[in-house]
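A closer look at the structure
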Amino acid sequence: MPRSTLGAPAALPATLLALALSLGAAVSLGITRFAYGLLLPTMREDLGWSYALAGAMNTANALGYLLGALATPWLLRRQGPERVLLGGALLASLFMACSGFFTEAAPLLVQRLLAGAASALVFIAGGLMAARLGALQPGRSGWLLGLYYGGTGWGIALSAWAVPEALQQAVHEAHAWRWAWWALAAVSLLASAALWWPARRLAALLPPATVGATGRGFDPRPLWPALAGYTAFGVGYIGYMTFVVALLREQGVAPERITLFYALLGAAVLASARLWAGLLERARGGGALAFLNGLLGVAALLPALSDWWPALLLSGLMFGGVFLSVVASTTALVRHNLPASRWAAGISAFTIVFAAGQIVGPTAVGWIADGAGGLVRGLVFSALALWVGALLAWRQRPLSTSP
């Protein structure tokens, strides 16, 4: 691999590595988690679910994500991030395929839990490797981190095409949504295979002792405002991503427009890597997390205020252009304020509170949606949670012990 005079990978190979690594984010979030929002309306109608039960499916996914986040530091110490990344991607793909074999709620809940656990392994290991890659090119670290997290957009965009196509092809089959899960699993398996190249290259580039460091003695208390703000982000954003497609269907939006909405949301995620790279590089405290949470609150509120198509499209573009940069902002915060030996522990801490928020969000919004006001009131709740997160994160100051 070409290297600069400082020993870091040259700009173009580093960008290609980050792009290839971003397939991990595509699998772990873009497909494993967010594609369910496209299938929720069809599965709910076919299986007779309440909104609370439909939301509980993503609550189970988030609970699994929390369990996976708790297990990841232990696995990183023993296996290294490249093995955790590849193994997690393969497991997430297989667990998604299992969704096509069940119609009862209990096994589907178990499947969502297992897929969530596997996706946490992928997301944390990939985020750690992206942070290490960024450290080799400090002036471009925000851009490289954004590329990795923006890979979720690849998964969202692929899901926006694959789910309607699979449903259309299986329209005469019983439980047509099963074929969509199998199609998504096939896409994830292909992405998992493609992850082999960046995982092996980065394993060779980054010293094993450094990559595997987990930061014993890490104290999360100085980061409590950012951690609390990120918890509220988990509550608010997942409500939107779980139920926004169902709300669009309730509002009578045409299927082709819903596909366009979701595809553009995914494209906006990809563009966010460039859009917010400078902010992630400059913000040493919680300013980036607060600002981006505030914007997301506005985006989440728009569909609750109006069913006007341009307003709905603006909501999707805003949300897609911001929400994964919130995730990237926490990795940047860790990199700016902690020594490298504690990055894995810091990223894991943020992932754990993120998962905790996501456990609450889908069921809470689903429960609200089953009452008076429906999904509109549920998205108002999501917007309020995001604004609470912005206020909490604003209190985070740079640590005096930054590296």
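Reading guide: rules and limits
- Residues numbered from 1 in each chain as written.
- Predicted model: local features only at pLDDT ≥ 70, side-chain atom pairs only at ≥ 80, totals over all residues.
- Heavy atoms only, no water.
- Helix = DSSP H or I, 4+ residues; strand = E, 2+ residues; numbered from the N terminus.
- Buried < 20%, exposed > 50% of the residue type's maximum accessible area, 1.4 Å probe, protein only.
- Core = buried A, V, L, I, M, F, W, Y, C linked by side-chain atoms within 4.5 Å.
- Contact = heavy atoms within 4.5 Å.
- Salt bridge = Lys/Arg side-chain N within 4 Å of Asp/Glu carboxyl O.
- Axes fitted to C-alpha atoms, helices over the stretch in contact; angles between N-to-C directions.
- Parallel < 35°, antiparallel > 145°, perpendicular 65-115°, else oblique.
- Left-handed = near helix turned anticlockwise from the far one by under 90°.
- Patch = residues over 30% accessible without salt bridge, like charges linked within 9 Å, V, L, I, M, F, W, Y side chains within 5 Å.
- Areas by Shrake-Rupley, 256 points an atom, 1.4 Å probe, with all protein chains shown as cover.
- pLDDT = per-residue confidence, 0-100.
- Expected span 1.5 Å × (residues − 1).
- Nonpolar A, V, L, I, M, F, W, Y, C, P; charged D, E, K, R; others polar.
- Phe/Tyr/Trp six-rings, centres within 6.5 Å; stacked < 30°, edge-to-face > 60°.
- Lys NZ or Arg CZ within 6 Å of the ring centre and 35° of its normal.
- Lys, Arg positive; Asp, Glu negative; His and termini not counted.
- Polar contact = N/O pair within 3.5 Å; in protein donor to acceptor, adjacent residues only side chain to side chain.

Right, let's talk about unusual backbone geometry for a bit. Peptide bonds are mostly trans, and most non-glycine residues show a negative phi. Positive phi is not limited to glycine here, since H175 has a value of about 55°. With respect to the helices and strands, H175 occurs in the loop between α7 (152–169) and α8 (177–194). On the basis of relative accessibility, which here comes to 28%, the residue H175 falls in the partly exposed class.

As a further point, take the nonpolar core. Judged by nonpolar contacts, the single largest core of 131 residues is most densely connected at F233, Y237, M241, F319 and F323. With 14 residues, helix α11 (residues 224–250) is the largest single contributor of residues to this core. If we skip the residues at most four places from it in the chain, F319 touches Y237, Y240, M241, L296, A299, A300 and L386.

What follows deals with the pattern of salt bridges. Throughout the structure, instances matching the rule amount to 3 salt bridges. With a shortest N-O distance of 3.0 Å, D219 and R221 are connected by a salt bridge. A residue is classified by how much of its surface remains accessible, and D219, at 30% relative accessible area, is partly exposed. In this structure, E281 and R335 form a salt bridge, with 3.4 Å as the shortest nitrogen-oxygen distance. Residue E281 is found in helix α13 (residues 277–282), and its partner R335 is found in helix α15 (residues 309–337); the two are separated by 54 residues along the sequence. Relative accessible area serves as the criterion here: at 12%, R335 is assigned to the buried category.

A word on the packing of helix α4 (residues 81–98) against helix α5 (residues 105–136). Running from amino to carboxyl end, α4 crosses α5 at an angle of 155°, the nearest separation of the two axes being 8 Å. Considering the angle they form, α4 stands roughly antiparallel to α5. Of the two elements, α4 crosses α5, and the hand of that crossing is left-handed. On α5, the residues touching P81, E82, V84, L85, G88, A89, L91, A92, F95, M96 and C98 of α4 are Q111, L114, A115, A118, S119, L121, V122, A125, G126 and M129.

Turning next to a nonpolar patch on the surface. Taken together, L16, L19, W154 and W197 make up a surface patch of nonpolar side chains, about 380 Å² in accessible area. Tracing the backbone shows L19 in helix α1 (residues 11–31). Among the residues examined, L19 registers a relative accessible area of 33% and is labelled partly exposed.

Right, let's get into the confidence of the model for the chain. In the predicted model, the chain carries a mean pLDDT of 89, and the fraction of residues at 70 or more is 93%. Looking at the elements of the chain, mean pLDDT is at its lowest for helix α10 (residues 208–211), recorded as 48, and at its highest for helix α17 (residues 374–393), recorded as 97. Below pLDDT 50 for its whole length, residues 1–7 participates in 14 contacts with residues either more than four positions away or in separate chains. Scored below 50 in pLDDT, residues 209–214 makes 15 contacts in the model with residues more than four places away or belonging to other chains.

Our next topic: helix α12 (residues 255–275). A rise of 1.5 Å per residue sets the reference length of α12, with its 21 residues, at 30 Å; its end C-alpha atoms lie 29 Å apart and thus fit the reference within 8%. Of the positions making up α12, those classed as buried are I258, F261, Y262, L265, G266, A268, V269, S272 and A273. Looking at the packing, one finds that the buried side of α12 touches α2 (35–47), α6 (141–150), α7, α11, α13 and α15.

With that out of the way, let us pick up the packing of helix α14 (residues 287–305) against α17. At a minimum axis distance of 8 Å, the contact between α14 and α17 shows a crossing angle of 170°. Accordingly, the angle class assigned to the pair α14 and α17 is roughly antiparallel. Between α14 and α17 the crossing geometry is left-handed. Every residue of α17 that contacts α14 at L289, A290, N293, G294, L296, G297, V298, A300, L301, P303 and A304 is listed here: V376, L379, V380, A383, L386, W387, G389, A390 and A393. When grouped by side-chain class, the residues that make up the contact of α14 with α17 number 16 nonpolar, 4 polar and no charged.

Most of α6 sits out of view: 10 of its 10 residues are buried. For α6, the complete set of buried residues consists of S141, G142, W143, L144, L145, G146, L147, Y148, Y149 and G150.

It is worth spelling out the packing of aromatic side chains at this point. For the structure on display, the rule yields 19 aromatic pairs. For the ring pair Y148 and Y149, a centre distance of 4.9 Å and an interplane angle of 70° mean the geometry is edge-to-face. Here R33 stacks its cationic end above the ring of Y65, 4.5 Å away from the centre of that ring. A cation over an aromatic ring shows up here: R200 above the ring of W196, its NZ or CZ 5.1 Å from the ring centre.

Turning next to the side chain of S188. In this fold, S188 is placed in helix α8. The class for S188 is buried, based on a relative accessible area of 0%. Non-local contacts of S188, meaning those with residues more than four positions away in its chain, are made with V27, I31, S93 and M96.

If you trace the backbone, R33 turns up in the loop between α1 and α2. No salt bridge is formed by the buried R33, whose closest oppositely charged neighbour, D370, lies at an N-O distance of 20 Å. A polar contact of 3.2 Å, which involves the side chain of R33, links it to the side chain of N61. Once you skip the residues sitting within four places of it in the chain, R33 turns out to touch S28, N58, N61, Y65, R112, S119, Y237, I238, F354 and Q358.

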